[in-house]
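These are the residues of each chain, in order.
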Amino acid sequence: MWRYKFYGHLSLQFLLLGTFLVVYFHSYPELLTKILSLSTFRNKEKIVTQVFDLKVYNRLIAVMAFLNLLHALMMYRNLLKPVTFARNLALVKRSINYFGWLKRAFKILTSKQIMVLALLLTMGTVLRSVLANNIPVIYDEAYTYLAFTSKNPLLTAFFYPTSNNHVLFSHLTQLTGLLPFDILYNLRISSIVINMLAVLTFFFCLKNRSNFKTALIFSLLLSIAFPMLFYGFAARGYSLVLFFFVIGLFTTTEIAKQPGNPVLWYRLSLSSALGMYSVPTFLYPMITLYGYLFVVFIYKKRPSAFFNTLTNGMLTVFLIGMLYLPIFVLSGPDAVLGNKYVVSNSLSKVVEGLGSHLKNNLYFYSGQSRVYLSLFTLVLVLVTSVFVLKKTRYELLSISLFAFVFAPILMFLHRIIPVERTWIYLCIPFTLLLASAYYHSGKYRFVFYFLLVFPILNAINFREHINWYDKVCEEDSPQGQYFNKYFHGKNAVIITSNRMNSYLKFNQIRFNENWEINEDLEGNLNHKTYYLQYLRDEKKDSIPFGFEVADEYKGYRLLSYKK
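Summarised in this report is the structure supplied together with it. As the structure is a prediction and not an experimental result, all values here were calculated from the model.

Take the overall build of the chain next. The secondary structure content of the chain amounts to 28 helices and five strands. Out of the 563 residues belonging to the chain, those deemed buried represent 52%. Summarising the internal contacts of the chain: among those between residues at least 6 apart in sequence, 72% fall at separations of at least 24. Total accessible area computed for the chain in this model is approximately 27,200 Å², and 64% of it derives from carbon and sulfur atoms.

If you want it as structure tokens, here you go:
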């Protein structure tokens, strides 16, 4: 009973704290304007007035809420009886002692095993660093730097203009941005470190449930898969998704066996909340993990464990709400929950788009344009895993199969066709399916070595694969690099309000380019002025007076002022 009393009271206090923040900023809106003053966005005053144009509270209620919160904090020791505050805090510390767990895991290895593992990690880090130094900036990275990394941390914590703000990752880039390296590499080093930690965590968790050889082989396969490589250097939050999902998945398998262990429940809640704080699409893997526990405890007829899953899920939702509270206060809940790029479709449209969605995903994850080969392999692995599961009842097989079966269900429930990177977390269960089948296959293990063909072909076709992904996902990357080279070294005035704005501004800072970027035609027009149009938004004949066509490249037209 103490848990429900504790969570209920804690929720009330944070609700009151949220009220205090709303009222405080409502009373002093100039502070919000100050927070936004360093941003690259227009209409800052409009944003502030929209969010806080609410005549609901007054300062007296705010002060009372704040005093009540302080009083509650002092009374927590009494609220937590019969379990003391110190014991509860110790459980939380044990659940988040990640580096202590890593230290203990390394101590178990022999010297030879440590050398082999160090070689794997070094190769992975060097490969990602080479890619980070040779692949040009992509739009989302440029936008992240301009809008968040280079700004006050308060801006990142409070402002959510688009889904490009992977909040936790944006904070990490603000730390690595202080390093004395190239701007782009500073951005990407956050992904490199977290990605390799995800591989390392996967290795140790798998080793504890199989053996060193199995863990090493399939950690290697995981680390060189295209999604792992691409988002292992690209400055986006998907490496954090992988990292927290690895922790959450292996924790979930332990909870299924030990539902009475509070440390495991805390670890699942914290990893899920931080995953959601990294990228909101972590909702899919989070629901998958909790859905698996619900199914397991219903199947095992354990109502108390089922109820624990429900209450722990509520705690996770509460933690997510607290992490996003500053954004809810300033930007409004719809900024996160009402993403304009994620719109539910009719069921018929979802069914209609399944074929192309499957094709793109198979190419994205396998690196093979011959998707029939990838589809055959996927079906073969799933069918083989079902037979092995019947024979062994291996928990890693059951949760991995559940993740694949549940993925299309999530699509139909949400009624959207997500972008390919949304399913990046499925790299983990797919690798576990392979590893589990390999571990239990005995003398037939040699069959699995044919899968090495995929990463080898992927390595050979890596540039081609990235170019394909640019067209599907980062569709403006080639254009961004083209116009960056076009203006390189020129003393130009560039007028653009489309996606090229971010590419050009980022590269202007990175390479100290001597050009000026404006968002409208107002100002001095001279022979140095160029107007960059996005033809999907502007008509072919929409050429302003005094301009003429200077160049055209893949959906963009460049006009030069000649009057």
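Further notes follow.
Phe-230, Leu-249, Ile-428 and Phe-487 are the most contacted members of the largest nonpolar core, which totals 141 residues. When residues no more than four places from it in sequence are discounted, the contact partners of Phe-230 are Ile-138, Ile-466 and Tyr-469.

Bringing the side chain of Thr-252 into the picture now. Of note, Thr-252 is situated in helix H14 (residues 238–257). The class of Thr-252 is buried, set by a relative accessible area of 0%. Excluding its chain neighbours within four sequence positions, the residues that come into contact with Thr-252 are Leu-268, Leu-289, Tyr-292, Leu-293 and Ile-399.

What follows covers the sheet that holds strand E4 (residues 547–553). Taken together, the five strands give an open sheet; going across it, the order is E2-E1-E3-E5-E4, and neighbouring strands pair in mixed fashion. Of all strands in the sheet, those with a lone pairing partner are strand E2 (516–518) and E4, marking the two edges. Averaged over all adjacent pairs, the angle separating strand axes in this sheet is 25°, with direction ignored. Bridge analysis of strand E3 (residues 529–534) against strand E5 (residues 556–561) gives five bridges, and the strand direction is antiparallel. The residue bridging Gln-533 from the neighbouring strand is Arg-557, located in E5. Packed onto the sheet, helix H27 (residues 477–487) meets strand E1 (493–495), E3, E4 and E5 and runs at close to 130° relative to E4.

This next bit is on the pattern of salt bridges. Any two side chains of opposite charge can pair if their charged atoms end up close together. Applying the stated criterion across every chain yields a total of six salt bridges. Between Glu-141 and Arg-188 there is a salt bridge, with its nearest N and O atoms 2.8 Å apart. Highlighted residues: Glu-141 in helix H8 (residues 139–149) and Arg-188 in helix H11 (residues 183–207), separated in sequence by 47 residues. Pair check on accessibility: Glu-141 and Arg-188 agree, each one buried. Between Arg-510 and Asp-182 there is a salt bridge; the shortest N-O distance is 3.1 Å. Taken together, the residues span a long stretch of sequence, with Arg-510 in helix H28 (residues 500–511) and Asp-182 in the loop between helix H10 (167–176) and H11 at a distance of 328 residues. On the accessibility criterion, Asp-182 (32% relative accessible area) is partly exposed. Here the salt bridges do not stand alone but share partners, grouping Arg-209, Glu-254, Lys-257 and Glu-395 into one network.

Let us look at the packing of aromatic side chains. Going through the model one piece at a time under the given rule, you end up with 40 aromatic pairs. Between the aromatic rings of Phe-230 and Tyr-231, the centroid separation amounts to 5.0 Å while the plane-to-plane angle is 85°, which identifies the pairing as edge-to-face. There is no split in this pair, since Phe-230 and Tyr-231 are both buried. On the basis of an interplanar angle of 75° and a centroid distance of 5.2 Å, the ring pair of Phe-487 and Tyr-530 is categorised as edge-to-face.

A few words on unusual backbone geometry. The backbone of Asn-512 shows a phi angle near 55°, a positive value even though the residue is not glycine. Positionally, Asn-512 belongs in the loop between H28 and E2. Notably, Lys-554 is not glycine yet its phi reads approximately 45°, a positive angle. Relative to the helices and strands, Lys-554 resides in the loop between E4 and E5.

Next up on the list: the pairing of E3. By the criterion of burial, E3 is predominantly enclosed, with six of the six residues buried. Taking every second residue as pointing to the same face, both faces of E3 are buried, with Thr-529, Tyr-531 and Gln-533 on one and Tyr-530, Leu-532 and Tyr-534 on the other. Relative to E3, E1 runs parallel, the two being bridged by three bridges. Bridged to Ile-495 within E3 is Tyr-531.

How each quantity is defined
Residues numbered from 1 in each chain as written. Predicted model: local features only at pLDDT ≥ 70, side-chain atom pairs only at ≥ 80, totals over all residues. Heavy atoms only, no water. Helix = DSSP H or I, 4+ residues; strand = E, 2+ residues; numbered from the N terminus. Buried < 20%, exposed > 50% of the residue type's maximum accessible area, 1.4 Å probe, protein only. Contact = heavy atoms within 4.5 Å. Areas by Shrake-Rupley, 256 points an atom, 1.4 Å probe, with all protein chains shown as cover. Core = buried A, V, L, I, M, F, W, Y, C linked by side-chain atoms within 4.5 Å. Pairing = 2+ DSSP bridges. Axes fitted to C-alpha atoms, helices over the stretch in contact; angles between N-to-C directions. Salt bridge = Lys/Arg side-chain N within 4 Å of Asp/Glu carboxyl O. Phe/Tyr/Trp six-rings, centres within 6.5 Å; stacked < 30°, edge-to-face > 60°.

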